[in-house]
Amino acid sequence: MTLGNFRRRRSRRAIATLGAALIAVTALTSCSSDSGNSDAESGTPVSGGSLTVGVVGGSAKDSLDAHKAVTHPDEARVIQLYDRLLEMNTNLEPEPALATSVTSNADATIWTVKLRDGIKFSDGRPITVDDVIATYLRISDPDNPTNGTASMKTLDRDGFVKVDDRTLEIHFTAPKVNFKEEVAGYSSGIVPADYDPKNPVSSGPYMLKSFTPGEQSTFERNPNYWRDGQPYLDDVTIVDFPDDTARVNALLSGQVDAVDQVPLGQVKVLKQNPQMKILESKTSGFTPFTMRVDQAPFNDPKVREAFRLIVNRQQMVDQVLAGHGEIGNDMYSRFDECYPSDIPQRKQDIKKAKQLLKEAGQENLEVDLVTSPVAAGFVEAAQVFSQQAKKAGVTINVKKVDPGVFYGDQYLQWTFSQDFYFTHGYLSQIQAGSMPDAPYNETHWADPEWVTTAEQALTTVDKGKRCELIKQAQKIEYDRGGYIVWGFPNAIDAYATKVHGLTPDKSGIPLTGYRFRQVWVSE
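Residues numbered from 1 in each chain as written. Predicted model: local features only at pLDDT ≥ 70, side-chain atom pairs only at ≥ 80, totals over all residues. Heavy atoms only, no water.

- The name given to the chain in an unreviewed UniProt entry is Peptide/nickel transport system substrate-binding protein, with Antricoccus suffuscus as the source organism.
- Reading the Sequence similarities (unreviewed entry) entry of the UniProt record for the chain gives the comment "Belongs to the bacterial solute-binding protein 5 family."
- Looking at the Subcellular location (unreviewed entry) heading of the UniProt record, one finds this comment for the chain: "Cell membrane". (UniProt positions renumbered as here; feature names shortened; annotations may be inferred.)

Below you can see the structure in the form of structure tokens.
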């Protein structure tokens, strides 16, 4: 990684060296300060200034595509460039954005969108219902799949009805009960009918100024943005940082103003620095170990259960997360109102794990675990789990690869690996990662009983019945799924005291959902 304008000032090695020195000085000389958990006390927003943000991950495969974000830098970029019809607030409640309302008929097969008056793209053209139609045709295109293609498979692509200049009916061939959450997701940004992802026109708070994949991207204020007074900043620069230490060092040395995904071992040091603040949010995001259920040894459910019993979850939270999180129970979407919290908490049971491995003919098992520094705690979790597995006679070879390799041709093909997800409701999550046609089905999960139950839940309008189906589906994954959901990490970010407007966010998306439109700086 090179750092664009940073490259002219210092090499990455120099930044790392300076940052290491700053860490040492901070640890020795700083007294404790109030890092806070939000910046609500910082007063009235002011316009102007620049923000430079260090974001974990990124590679030469970085993208500006509104509907194909994969990494954290991708996600940060699309949130600057593209607004959605609705937006999730920090409490995971959908709120109006480009649309003033999104409502359904009784059986959730027709959703009516009312667009806000006077909204424009960055080039001055009005945002119309035709642009919304073009956006959802692109998202749902089976010949050019996007993050949302699988979740929009019941969209009637010929069934859009333009009621008037600002009102659109979107028709589905089956009930679409979670449409509001889908349209509020960062992969549902509205783009013009003639959209070119290489030369994007913005519907969001910023528009593209420059972009170098694997290095950095810079955005400048969209003069036609619809929110009064926002964005406050003149420009935002997002810098890729695959290396955790380099990212924090850049913050400590003043090379960047904020960083996401603070390495948990450095939280205490940053809290002691009076020039820094920590932003910590409890989320439902998770970083599971992923076991391919269609490949040996994980095609045997006994092996998968054994691996879930090997994990000491509290030790993972204490060591990997430094206590900044909560233990998991091999189920996700814990903030979903239908989450089955009554299912007994799974605990480490080495004796039973050994028994299951023996029954499976996998005593003294040896497997590779592919990891990469693409999210906080990834590599550390792999290392701790490999140590825990030794008690069960299992040898786990941790294979650390570059982010570009991790998300390269082998992504979604690794036999045993990891991934990360932000907070989603269960139905949206399974359409992203667990349904057979999901874009990120790392485990190749296609259990027939689970698929039938999940598909019923996706089209069940009655909330009580839908919750029962979701609980049944969660229990099936708990028993024999391909994930080890060992914990729910808190989102921990850091920023300089001159940065304001950041608040805790349940979504798990770092730095208040990367909503830099609401950030301002003081000198």
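## Quick word on the pattern of salt bridges
Then step 1. Summed over the entire model, instances satisfying the criterion amount to 28 salt bridges.
Then step 2. Salt-bridge contacts for D117 lead to R166; the nearest nitrogen and oxygen are separated by 3.8 Å. Here the residue D117 occupies a position in the loop between strand 5 (110-115) and helix 3 (129-139), and R166 occupies one in the loop between strand 6 (161-164) and strand 7 (167-171), the gap between them amounting to 49 residues.
Then step 3. Measuring nitrogen to oxygen at the nearest pair gives 2.9 Å for the salt bridge that ties R480 to D447. Of the two residues, R480 sits in helix 14 (residues 463-480) while D447 sits in the loop between helix 12 (426-433) and helix 13 (448-458), which places them 33 residues apart along the sequence. (Salt bridge = Lys/Arg side-chain N within 4 Å of Asp/Glu carboxyl O. Helix = DSSP H or I, 4+ residues; strand = E, 2+ residues; numbered from the N terminus.)

## Overview of helix 5 (residues 244-252)
Helical geometry: 3.6 residues make up each α-helical turn, so side chains three or four residues apart lie on a common side.
Then step 1. Of all nine residues in helix 5, eight are buried, a share of seventy percent or more.
Then step 2. Buried within helix 5 we find D244, A246, R247, V248, N249, A250, L251 and L252.
Then step 3. Of the residues that open helix 5, the one with a side-chain oxygen 3.2 Å from the backbone nitrogen of T245 is D243.
Then step 4. Phi turns positive one or two residues past the end of helix 5, at G254, with a value near 80 degrees. (Buried < 20%, exposed > 50% of the residue type's maximum accessible area, 1.4 Å probe, protein only. Polar contact = N/O pair within 3.5 Å; in protein donor to acceptor, adjacent residues only side chain to side chain.)

## Concerning the side chain of N222
Then step 1. Position of N222 among the secondary structure elements: in the loop between strand 9 (216-221) and strand 10 (235-241).
Then step 2. In terms of polar contacts, N222 uses its side chain to reach the backbone carbonyl oxygen of G204, at 2.8 Å.
Then step 3. Residues contacting N222, with those up to four places away along its chain left out, are S122, S202, G204, P205, Y206 and M207. (Contact = heavy atoms within 4.5 Å.)

## Topic: the domain arrangement of the chain
Then step 1. The domain boundaries assigned to the chain delineate domain 1 (83-200), domain 2 (206-281 + 492-521) and domain 3 (287-489).
Then step 2. Taking only C-alpha atoms, the centre of domain 2 and the centre of domain 3 are 30 Å apart.
Then step 3. The interface of domain 2 with domain 3 comprises 13 residues on the first partner and 12 residues on the second.
Then step 4. Approximately 1,000 Å² of surface area, both sides summed, lies buried where domain 2 meets domain 3, with 60% of it carried by carbon and sulfur atoms.
Then step 5. Three residues, P242, Q261 and L264, lead the burial of domain 2 against domain 3; their summed loss comes to 44% of the area buried on that side.
Then step 6. Inspection of the domain 2/domain 3 interface yields four residue pairs in polar contact (both at pLDDT 80 or more).
Then step 7. Residue composition of the side of domain 2 that touches domain 3, grouped by class: seven nonpolar, three polar and three charged. (Domains from an automatic or database assignment. Buried area = accessible area lost by both parts, 1.4 Å probe. Nonpolar A, V, L, I, M, F, W, Y, C, P; charged D, E, K, R; others polar.)

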